[in-house]
Amino acid sequence: MTAAALPRRRSRFSLTGTLAAVGGALLCGILVVRLQVPMLERINLEALENAEARKNRNIALATTLGWLGYRNLGASWLWLELIQYYGDAPARAQTGYGLAYEYFDHMLRLDPNFFLGYRLSSLVLAYQAGQPEKAVEILDRGLQQFNPQNNPDAWRLYVDRALINFMFLGDAEAGRRDYYQAAAWREQVGLPGDDFRQLGDNIARSPLSRRSRFDVWLSVFNATSDRDTRQFVLEQLTQLGTVLRTLPTGEIEILPPPLPSGLEEEPYRLRL
């Protein structure tokens, strides 16, 4: 054996030993992780449940601020909490929207004139939390606060309620009445209302048709400027209509279902 061969043999032996050690460590690591996964999942769930309990306490504390005379401060605190709560999609996928109604209920009791809060309630409670009756309750409170004389956008609350009555509660007649009232309030502020009356009549005649549902969702899309709401509504529209193309301007061309008369229409161009 030459002197030059000895270092090479030691090098090969060292490399083999190192690979064996690394392989064993990786195997042990994999086993440890697999054994700990249930524990980690339990810890994550416990953390989420603790966060839910903390949010519940914050709602109570914010309400206490209102009792002490700091109503606007308490309402603002709950608004910020609600935005974080709603926006935390991973947590909501785990625990749902069980606190959503509590946020809206207490926030709007502290600040009954918070118009945006009433409008957001339909998106969160009806669409996300699966509580359309609660959404109608909140909107009813908003309709007691607002009218065309104190808010020119008050008619939008009737549009929101019409959608819930029609799409979620299956009450086409209540939806028709809401659209008629929205039309009347629009006319009081100088806006046309006949389109909403026609929409109400159409859904009352054929409440289950694809075209009726498309027209209702389209009315919601046009009645809001909130991007999240529009994104959600656009998803509903594309399921009912036919998306033709996305234009360079960012608009989406969508062809609605055919009218009962069979008349062909131009596609709508919608922009978020």
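Everything that follows concerns the structure shown earlier in this document.
Everything quoted here is computed from the prediction, not taken from an experiment. (Residues numbered from 1 in each chain as written. Predicted model: local features only at pLDDT ≥ 70, side-chain atom pairs only at ≥ 80, totals over all residues. Heavy atoms only, no water.)

Enquirer: Please explain a nonpolar patch on the surface as it appears in this structure.
Expert: Nonpolar side chains collect at one region of the surface, where Leu68, Tyr70 and Leu73 lie side by side and expose about 350 Å² of accessible area between them. Within the fold, Leu68 resides in the loop between helix H1 (5-67) and helix H2 (71-87). (Patch = residues over 30% accessible without salt bridge, like charges linked within 9 Å, V, L, I, M, F, W, Y side chains within 5 Å. Areas by Shrake-Rupley, 256 points an atom, 1.4 Å probe, with all protein chains shown as cover. Salt bridge = Lys/Arg side-chain N within 4 Å of Asp/Glu carboxyl O. Helix = DSSP H or I, 4+ residues; strand = E, 2+ residues; numbered from the N terminus.)

Enquirer: Any chance you could explain the side chain of Arg119 here in plain terms?
Expert: Mapped onto the secondary structure, Arg119 falls in helix H5 (residues 115-128). Of the residues examined, Arg119 reaches a relative accessible area of 15% and is grouped as buried. Within polar-contact distance, the side chain of Arg119 engages the side chain of Asp160 at 2.9 Å. Apart from residues no more than four positions distant in its own chain, Arg119 is found in contact with Arg156, Leu157, Asp160, Ala223 and Thr224. (Buried < 20%, exposed > 50% of the residue type's maximum accessible area, 1.4 Å probe, protein only. Polar contact = N/O pair within 3.5 Å; in protein donor to acceptor, adjacent residues only side chain to side chain. Contact = heavy atoms within 4.5 Å.)

Enquirer: Hey, could you run me through the sheet that holds strand E1 (residues 242-246) in this one?
Expert: In sheet architecture, strand pairing relies on hydrogen bonds along the backbone and comes in two forms, parallel and antiparallel. Reading across the sheet, the three strands line up as E1-E2-E3 and stay open at both edges, with antiparallel pairing between neighbours. Strand pairing shows two members of the sheet lacking a second neighbour, E1 and strand E3 (268-270), which therefore form its edges. Neighbour-to-neighbour, the strand axes of this sheet turn through a mean angle of 30°, independent of strand direction. Seen against the sheet, helix H10 (residues 210-223) touches strand E2 (252-255) and E3 and runs at an angle of roughly 40° to E3. The strands that helix H11 (residues 227-240) touches are E1, E2 and E3; relative to E2, the one it contacts most, it runs at about 40°. (Pairing = 2+ DSSP bridges. Axes fitted to C-alpha atoms, helices over the stretch in contact; angles between N-to-C directions.)

Enquirer: Help me out: how do you make sense of the packing of aromatic side chains in this one?
Expert: The description of two aromatic rings rests on the distance between their centres and on the angle between their planes. In total, this model carries 13 aromatic pairs according to the counting rule given. Consider the rings of Tyr127 and Phe232, whose centres lie 4.8 Å apart with planes at 10°: the pair is stacked. In this pair, Tyr127 is assigned in helix H5 and Phe232 in helix H11, connecting sequence segments 105 residues apart. The exposure class assigned to Phe232 is buried, which follows from its relative accessible area of 17%. (Phe/Tyr/Trp six-rings, centres within 6.5 Å; stacked < 30°, edge-to-face > 60°.)

Enquirer: Even after reading the chapter, I still don't get the pairing of E2, so can you show me in this structure?
Expert: A regular strand carries its side chains on alternate faces of the sheet. Relative to E2, E1 runs antiparallel, the two being bridged by four bridges. Looking across to E2, one finds that Val243 is bridged to Ile254. Adjacent in sequence and paired antiparallel, E1 and E2 are bridged by five residues, among which Gly250 carries a positive phi angle near 95°. Here E2 runs beside E3; their pairing, made up of three bridges, is antiparallel. Paired with Ile252 across the strands is Leu270, a residue of E3.

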